[in-house]
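One letter stands for each residue in the lines below.
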Amino acid sequence: MKPIATVCAYCGVGCGLVVDPEQGLQADPDHPANHGRFCAKGATLMQTLHPQKRLLYPMLHRHRVSWSKAINHIAGGFQAVIDKHGPDATAFYVSGQFLTEDYYVANKLMKGFIGSANIDTNSRLCMASTVVGHTRAFGADTVPGCYEDLDLADLIVIAGSNTAVCHPVLFQRIMERKQRTGAPHLIVIDPRASQTAQAADQHLALKAGADGFLFGGLLHHLNRAACLDLAFLEQHVQGFGAATTAVSALTLTQTAAACGLSTAETAAFFERFARTPRVVTLYSQGINQSSSGSDKVNAILNCHLATGRIGKPGAGPFSLTGQGNAMGGREVGGLANQLAAHLDFQDAAQRAMLADFWQAPQLAPKPGLKAVELFEAVAAGKVKALWIACTNPAVSMPDSALVRRALAACDLLVVSECMADTETAAFADVLLPAATWGEKSGTVTNSERRISRQRALQAAPGEAKPDWWAFAAVARAMGWHDAFDYRNPAQIFREHAALSGLNNHGRRDFDISALADISDRDYHRLRPIQWPVNAQYPRGRARFFDDGHFFHRDGKAVMIAVSPRLPAQTPDLVFPLQLLTGRVPDQWHTMSRTGDLAALRRRDEEPCVAVHPDDASAAGLADHPSGLVTVIGLAGEFNARVEISDEQRPGTVFAPFHWTSCFAANAKANLAVSAVCDPLSGQPEFKATPVRLRPLACGAYGFVFAREDLAANDPLYWVRIPRPGFVRYEFAVRETLDDGLAWFQSLWPQAKVAGDDGEWLVFRDAGEGGFRAAYLTAGRLAACVFAARQRPLPSRQWIEALFLKDRLALDERKQLLAGAPV
């Protein structure tokens, strides 16, 4: 075997990896996205190729069937719905984890041949507001800059991104340069004192959701201080007057008050930005995931357009993409309001050109349903056939209880998955086994428009297939054989590339037509390259707009008149706090790939909610013995471990969204998040949900260690934490454990009883309601439980050390009964 170059499966940085038969998985030193760096998740990717619980065969109503039977059932079901209710009664919901070739085939089938634009993607949840902002400002969804700008900027502003956690390799790149040279000056805008904020030269801990006021005030300051590029504005920009008028009331004092900042720190930010020509503004979900996310994006873009700081080395706005191929999805029209190759739904000539290229009988005439609208339509019975692929909306969508009701009510639900037990898969009529990272081959595009090859490292297990293969097979079964007669991903890529250059001539930003004739061999060997890749830029292009040319009809950019506003829902007496959701360093999305890896559960073992000490005290959490809390929002509630932290801005709480019932009962943060969306982008407001906190009322709480998987019956709180050789569980139950031994024994599929091949050590404290027990086989600890009603629990690390021993000594047994090491 020779080393195989591929690309990471996770975030939008798009790190190159090399799998060497002798050295294993390594970061690719030659890939321009990461230059030999990688993060903890990327470093463990090979461990995800052999997980338990894989979906291996097609399933129809939970029974194994052949692929041909599953494909015919899907094709017949979709066709029956179309015949009776029309194409808009069908939908696809896909993923930024797709390869571009998967995305292209699914989009072509729904928009070109079924005839509806009801195909949306989980990228709606992370990048849709940027798509709107880019398109309004530039005339196209164009990322202006590149990662090299991070090496050249004198000032980097990070807004709405915990980059150290969510895009760690880029943050490493910034900090390595800063440690080496002292540059760049780093300003972080975030309500939380996040890991990123703690490394900043200046941290602006503004009110949650107030970013639009801050950048509106910055534009006003730039205008009043005459820190503008007047020549650039005159030659290349429209809308300057309206944009500056819209923020004319945002004086320094008013901006600071609106943001909850001091005038001194606000002024320092304004002045630093104004006097630094080489400035990059990095932004991500804290900007996008807002009911005014599109306007916030344009508020940032306005500042760069007004100063001409765009398309230049070390200067420009830069959207950090959440997922590994969200950009590729935008290229092929994966969002419901997009067409393939950045063609325009509103342009009849472009729609006709696409229909002719695809030989599509009934190209969708109008945009389709965005993600929240789509699931509301499923719940209302308007969408009757739905195919979900490579995503878990039962957990990741806001108001996830409504999504679950929709999935349960759907007449025909098809789910393509690599794992058998996701919460979405539980509702499926048809389950299709999907190949995953390391098993399939194709391309992805990262945040800087760089196309890289993701290569298969091994055969897919069982009968798992690439997603493009499944969509093409259904299309052929529905009668569109010639249009979907694909043999391999290279053939799909060539078609995708050819479409991008069709009647383009520089009219559209996305153009990789120089790759339209790529051979299968050259496709296999394709090196990372930034689009466009065409006759003018055969080796790619690092930056757009360096020539002052934009993609509106007049060739100019547009500054948008933005009137900043606060979140749609604000705290009140009943819900006095704001919930912000986000990521933790070592988990990905809903944990189906990462949750079972013990190495990735060390830092963030449990669902948690971070609370400022003042808010914890007001909610009665500071001395609550169990340390568990219920977070209650308008849409629903979830349970989590309290983490009291000065890093939280008072009045806000933070919770990761990753947790599912596969790893934690009643801990899904998005149960509490209302489905409030930006009216333009349809992106949900995940960063500003009014909530209140209540100490979790329980009969008992504690932890369990065992060498096998256990299952509790309807617990209040039950978290599964894998460890090498055993599993730890944290729990809370409604009832008091008056018969703790019987409860403990009930956790096993077949209860262990004293006298088989082991022995019980049991201690009950009737007065305090405490209970602890251990089960040993041949002197080795096989399982134990510690439960309490009021008292603190012993160290988990102590119990873990005992579990690693082959045999317990007599004094260690006594310590177990005593509940503490001597």
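Presented here is an overview of the structure given in this document.

Cut-offs used in this document
- Residues numbered from 1 in each chain as written.
- Predicted model: local features only at pLDDT ≥ 70, side-chain atom pairs only at ≥ 80, totals over all residues.
- Heavy atoms only, no water.
- Phe/Tyr/Trp six-rings, centres within 6.5 Å; stacked < 30°, edge-to-face > 60°.
- Helix = DSSP H or I, 4+ residues; strand = E, 2+ residues; numbered from the N terminus.
- Buried < 20%, exposed > 50% of the residue type's maximum accessible area, 1.4 Å probe, protein only.
- Lys NZ or Arg CZ within 6 Å of the ring centre and 35° of its normal.
- 1 Å grid on protein atoms, 1.4 Å probe; cavity = no way out; pocket = protein on both sides within 12 Å on 5 of 7 lines; lining within 4 Å.
- Points joined across faces, edges and corners; volume = space filled by probe spheres on them.
- Nonpolar A, V, L, I, M, F, W, Y, C, P; charged D, E, K, R; others polar.
- Salt bridge = Lys/Arg side-chain N within 4 Å of Asp/Glu carboxyl O.
- Core = buried A, V, L, I, M, F, W, Y, C linked by side-chain atoms within 4.5 Å.
- Contact = heavy atoms within 4.5 Å.
- Pairing = 2+ DSSP bridges.
- Axes fitted to C-alpha atoms, helices over the stretch in contact; angles between N-to-C directions.
- Parallel < 35°, antiparallel > 145°, perpendicular 65-115°, else oblique.
- Left-handed = near helix turned anticlockwise from the far one by under 90°.
- Arc of directions from axis to C-beta.

## Concerning the packing of aromatic side chains
To describe a pair of aromatic rings, you give the distance between the ring centres and the angle between the ring planes. On inspection of all chains with the given rule, the structure shows 37 aromatic pairs. With centroids separated by 4.3 Å and ring planes inclined at 25 degrees, the aromatic side chains of Phe545 and Phe550 adopt a geometry described as stacked. When the ring of Phe786 is compared with that of Trp798, the centres are 6.4 Å apart and the planes differ by 70 degrees; the resulting orientation is edge-to-face. Of this pair, Phe786 sits in strand β33 (residues 780–788) while Trp798 sits in helix α26 (residues 796–803), and the two are twelve residues apart along the sequence. Here Phe786 and Trp798 have matching classes, each one buried. Through successive ring pairs, a cluster of aromatic residues spans Phe138, Phe232, Phe510, Trp531, Phe544, Phe545, Phe550 and Phe551. Arg192 extends its terminal NZ or CZ atom over the ring of Phe654, reaching a point 3.7 Å from the ring centre. Over the aromatic face of Phe544 sits the side chain of Arg541, whose NZ or CZ is 4.7 Å from the ring centroid.

## Looking at the layout of surface pockets
One number sums up the size of the largest pocket: a volume of about 990 Å³. Contributing to the lining of the largest pocket are 32 residues, with Gly139, His342, Leu343, Asp344 and Gln350 lying nearest its centre. Among the elements that line the lining of the largest pocket, the one with the most residues is helix α4 (residues 128–138), at four residues. For the lining of the largest pocket, the per-class residue count stands at twelve nonpolar, twelve polar and eight charged.

## Re the pattern of salt bridges
Tallied over the full model, the rule gives 41 salt bridges. One salt bridge connects Arg602 with Glu800, and the closest N-O pair in it is separated by 3.0 Å. Taken together, the residues span a long stretch of sequence, with Arg602 in the loop between β21 (577–582) and β22 (608–611) and Glu800 in helix α26 at a distance of 198 residues. One salt bridge connects Arg728 with Glu605, and the closest N-O pair in it is separated by 2.8 Å. Here Arg728 is found in strand β30 (residues 726–733), whereas its partner Glu605 is found in the loop between β21 and β22, with 123 residues between them in sequence. Taking relative accessible area as the criterion, Arg728 reaches 3% and is therefore assigned buried. Here the salt bridges do not stand alone but share partners, grouping Arg602, Glu605, Glu606, Arg641, Arg723, Arg728, Glu730, Arg796 and Glu800 into one network.

## Here's the deal with the nonpolar core
If you look at the biggest cluster of nonpolar residues, it comprises 155 residues, and the most contacted ones within it are Phe78, Phe92, Phe215, Phe269, Trp387, Phe471 and Phe484. Once residues within four sequence positions are removed from consideration, Phe215 is found in contact with Val157, Ala159, Ile189, Phe269, Thr281, Ala299, Ile300 and Cys303. The next biggest cluster of nonpolar side chains, apart from the first, holds 45 residues, and it includes Val383, Ala425, Leu621 and Val631.

## Points about the sheet that holds strand β12 (residues 279–283)
A sheet is described by the order of its strands in space; here five strands give the open sequence β10-β9-β8-β12-β13, paired in parallel fashion. Only two strands of the sheet have a single partner each, and these edge strands are β10 (202–204) and β13 (316–319). Mean inter-strand twist for the sheet, computed between neighbouring axes without regard to direction, equals 15 degrees. Of the strand pairs in this sheet, strand β8 (residues 155–159) and strand β9 (residues 185–189) are connected by five bridges, and their pairing is parallel.

## A short note on the sheet that holds strand β3 (residues 24–27)
Within a sheet, adjacent strands bond to each other through the backbone by hydrogen bonds, running parallel or antiparallel. Taken in spatial order, the three strands of this open sheet run β1-β2-β3, and their pairing is antiparallel. Single-partner strands in this sheet number two, and they are β1 (4–7) and β3. In this sheet, adjacent strand axes meet at a mean angle of 30 degrees when their direction is disregarded. Looking at chain direction, strand β2 (residues 16–20) and β3 are connected through four bridges and run antiparallel. Paired with Val18 across the bridge in β3 is Gln26.

## Considerations on empty space enclosed by the protein
Enumeration according to the criterion identifies eight cavities of 30 Å³ or more in this entry. A volume near 110 Å³ is recorded for the second largest cavity. What lines the second largest cavity is a set of 14 residues, among which Cys8, Cys11, Cys15, Cys39 and Val169 lie closest to the centre. Among the elements of the structure, α1 (40–43) and α7 (168–181) are those that each provide at least two residues to the lining of the second largest cavity. The residue inventory of the lining of the second largest cavity, partitioned by class, reads eleven nonpolar, two polar and one charged.

## What about the environment of Val143?
Of note, Val143 is situated in the loop between α4 and α5 (148–152). Each C-alpha atom of the pair Val143 and Arg796 lies 47 Å from the other, and the pair is 653 residues apart in sequence. If near-sequence neighbours (up to four positions away) are discounted, Val143 is found in contact with His134, Phe318, Met327, Ser447, Arg449 and Phe544.

## Overview of the pairing of strand β28 (residues 700–706)
Burial analysis of β28 places seven of its seven residues in the buried class, the great majority of the element. As judged from the six bridges shared by β28 and β33, these two strands associate in the antiparallel manner. Across the sheet, the residue bridging to Phe703 is Phe786, located in β33.

## So, the packing of helix α12 (residues 252–259) against helix α13 (residues 263–274)
Where α12 contacts α13, the two axes come as close as 9 Å, and the packing angle between them is 110 degrees. Compared by their axis directions, α12 and α13 come out roughly perpendicular. Where α12 crosses over α13, the two elements pack in a sense that is right-handed. In this structure, α12 uses Leu252, Thr253, Thr255 and Ala256 to contact α13, whose residues at the interface are Thr263, Thr266, Ala267 and Phe270. By residue class, the composition of the contact of α12 with α13 is four nonpolar, four polar and no charged.

## Quick look at helix α20 (residues 400–409)
Here α20 has its buried residues at Ser400, Val403, Ala406 and Leu407. Taken down its axis, α20 places every buried residue within 110 degrees of arc, on the same side. Exposed side chains of α20 directed beyond 90 degrees from the buried face belong to Arg405 and Ala408. Buried positions along α20 lie against α18 (371–379), β14 (385–389), α19 (393–396) and β15 (412–417).

## Some thoughts on the pairing of strand β31 (residues 758–765)
Moving residue by residue along a regular strand, the side chains alternate between the two faces of the sheet. In the sheet, β31 pairs with strand β32 (residues 770–777) via eight bridges, with the strands oriented antiparallel. The partner of Arg764 across the bridge, within β32, is Phe771. Hairpin connection from β31 to β32: four residues lie between these consecutive antiparallel strands, with Gly769 at a positive phi of about 75 degrees.

## Some thoughts on unusual backbone geometry
Apart from glycine, the bulk of residues carry a negative phi angle, and the bulk of peptide bonds sit in the trans form. Following Ala183, the chain continues to Pro184 via a peptide bond in cis, the omega torsion being 5 degrees. Within the fold, Pro184 resides in the loop between α7 and β9. Residue Trp531 is joined to Pro532 through a cis peptide bond whose omega torsion reads 10 degrees. Position of Pro532 among the secondary structure elements: in the loop between β19 (529–530) and β20 (557–558). The phi dihedral of Lys53 falls on the positive side, at around 70 degrees, and the residue is not glycine. Locating Lys53 in the fold gives a position in the loop between α1 and β4 (59–60). Take Lys53: its relative accessible area is 31%, and that puts it in the partly exposed class. At His589, a residue that is not glycine, the phi angle is positive and equals roughly 45 degrees.

## Details of the environment of Ala336
Assignment of secondary structure puts Ala336 in the loop between α16 (326–331) and α17 (348–358). A relative accessible area of 0% places Ala336 in the buried class. Counting along the chain gives 225 residues from Ala336 to Lys111, while the straight-line C-alpha distance between them is 9.0 Å. Leave out the neighbours within four places in its chain, and Ala336 touches Lys111, Ala117, Ile119, Asp120, Arg124, Phe345, Pro367, Gly368, Leu369 and Lys370.

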